[in-house]
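What follows is each chain in one-letter form.
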Amino acid sequence: TLKPAKTLKKFGKTYLYYDAPATWPEAAAQCKALDGELLRPESLAEENFIEGELLQGEIKLWLGCTDRETEGELKWMDGTDCTPTSVQYTNWGPGQPNNIGGAEGDCTEIAWDFPWNQGVPQPDNGQWNDRACTAENAFVCTVNPPEPPTLTRNGYTYKFLESAIPSWAEAQYL
């Protein structure tokens, strides 16, 4: 397995950023090996966090949305809908997905250099685009942090945390 270039925690997730270019299947396999999934933004705030905190000059990242199994049925890695009409958060660029390249446009990237829309230049905006799965992009795996180990003695349960808790007011609700 690869070593992430950067690791951050936010929105209840751990983000593992890999700057080594990989195809979508390679990136997905790396995330699955970690019991995680390719990036699945659930809000514009999360996308902005990814852009501002994780990217190191990259302008395209793989997302976990694909229609590799059934053409036209875009699904996240867990099988939920990621089409432009989904009730889940999506941020498809204008006219996307457009399946340029036929079956090759089966995977999804988030692009901060989205210059194409029927020949009209577009601003860098972090929108989604379908792309050939054989292309290579950087990627982010999201993993759920494991529950901290606990110890129960004399009717009390103690949690062992990685980081210090700033105050009793915060610690008492863990």
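In case you missed it, the structure is sitting above this.
The structure presented is a predicted model; accordingly, all values stated were derived computationally and were not measured.

Cut-offs used in this document
- Residues numbered from 1 in each chain as written.
- Predicted model: local features only at pLDDT ≥ 70, side-chain atom pairs only at ≥ 80, totals over all residues.
- Heavy atoms only, no water.
- Phe/Tyr/Trp six-rings, centres within 6.5 Å; stacked < 30°, edge-to-face > 60°.
- Helix = DSSP H or I, 4+ residues; strand = E, 2+ residues; numbered from the N terminus.
- Buried < 20%, exposed > 50% of the residue type's maximum accessible area, 1.4 Å probe, protein only.
- Pairing = 2+ DSSP bridges.
- Salt bridge = Lys/Arg side-chain N within 4 Å of Asp/Glu carboxyl O.
- Core = buried A, V, L, I, M, F, W, Y, C linked by side-chain atoms within 4.5 Å.
- Patch = residues over 30% accessible without salt bridge, like charges linked within 9 Å, V, L, I, M, F, W, Y side chains within 5 Å.
- Areas by Shrake-Rupley, 256 points an atom, 1.4 Å probe, with all protein chains shown as cover.

Chemist: Explain the packing of aromatic side chains to me, using residue names and the numbers behind them.
Modeler: Within this structure, the stated rule accounts for six aromatic pairs. Seen from their ring centres, Tyr-18 and Phe-139 are 4.7 Å apart, and the 10 degrees between their planes marks the pair as stacked. Placement of Tyr-18 in strand E2 (residues 13–22) and of Phe-139 in strand E7 (residues 137–143) is noted, with a sequence separation of 121 residues between them. Residue classification places Phe-139 among the buried residues on the basis of a relative accessible area of 0%. Taken together, a centroid distance of 6.1 Å and an interplanar angle of 80 degrees make the contact between Tyr-89 and Trp-128 edge-to-face. One end of the pair, Tyr-89, is in the loop between strand E4 (60–66) and strand E5 (107–111); the other, Trp-128, is in strand E6 (residues 127–131), with 39 residues separating them in the sequence. Since its relative accessible area comes to 0%, Trp-128 is described here as buried.

Chemist: Describe the pairing of E7, and please don't skip the residues or the numbers.
Modeler: In terms of residue burial, E7 counts as a mostly covered element, since seven of its seven residues are buried. Two elements, E2 and E7, share six bridges in a ladder whose sense is antiparallel. When the sheet's bridge partners are listed, Tyr-15 is paired in E7 with Thr-142. Strand direction decides the pairing type here: strand E3 (residues 37–38) and E7, joined by two bridges, are antiparallel. In the sheet register, Leu-38 faces E7, and the bridge partner there is Cys-141. Relative to E7, E4 runs parallel, the two sharing two bridges. Paired with Leu-61 across the two strands is Ala-138, which belongs to E7.

Chemist: Describe in detail the pattern of salt bridges, supporting the description with residues and values.
Modeler: Per the stated rule, a full pass over the model turns up four salt bridges. With a closest N to O distance of 3.2 Å, Lys-13 and Glu-42 form a salt bridge. Separated by 29 residues along the polypeptide, Lys-13 in strand E2 and Glu-42 in the loop between E3 and helix H2 (44–54) bring together distant segments of the chain. Taking the relative accessible area as the measure of exposure, Lys-13 reaches 12% and is therefore buried. For Glu-46, the salt bridge is made with Lys-13, and the minimal N-O distance between the two is 2.8 Å. Taken together, the positions of Glu-46 in helix H2 and Lys-13 in strand E2 put the pair 33 residues apart, joining distant regions of the chain. Salt bridges sharing common partners tie together Lys-13, Glu-42 and Glu-46.

Chemist: So what about the nonpolar core? Which residues, and what values?
Modeler: The biggest cluster of nonpolar side chains holds 19 residues, and the ones touching the most others in it are Tyr-15, Tyr-17, Leu-39, Ile-50, Leu-61 and Val-140. Ranked by size, the runner-up nonpolar core spans 15 residues in total, among them Ala-27, Cys-31, Cys-107 and Cys-141.

Chemist: Break down a nonpolar patch on the surface for me, with residues and values.
Modeler: Together, Leu-151, Tyr-156, Tyr-158 and Phe-160 make up a nonpolar patch on the protein surface, roughly 440 Å² of accessible area in all. Along the chain, Tyr-158 falls in strand E9 (residues 156–159).

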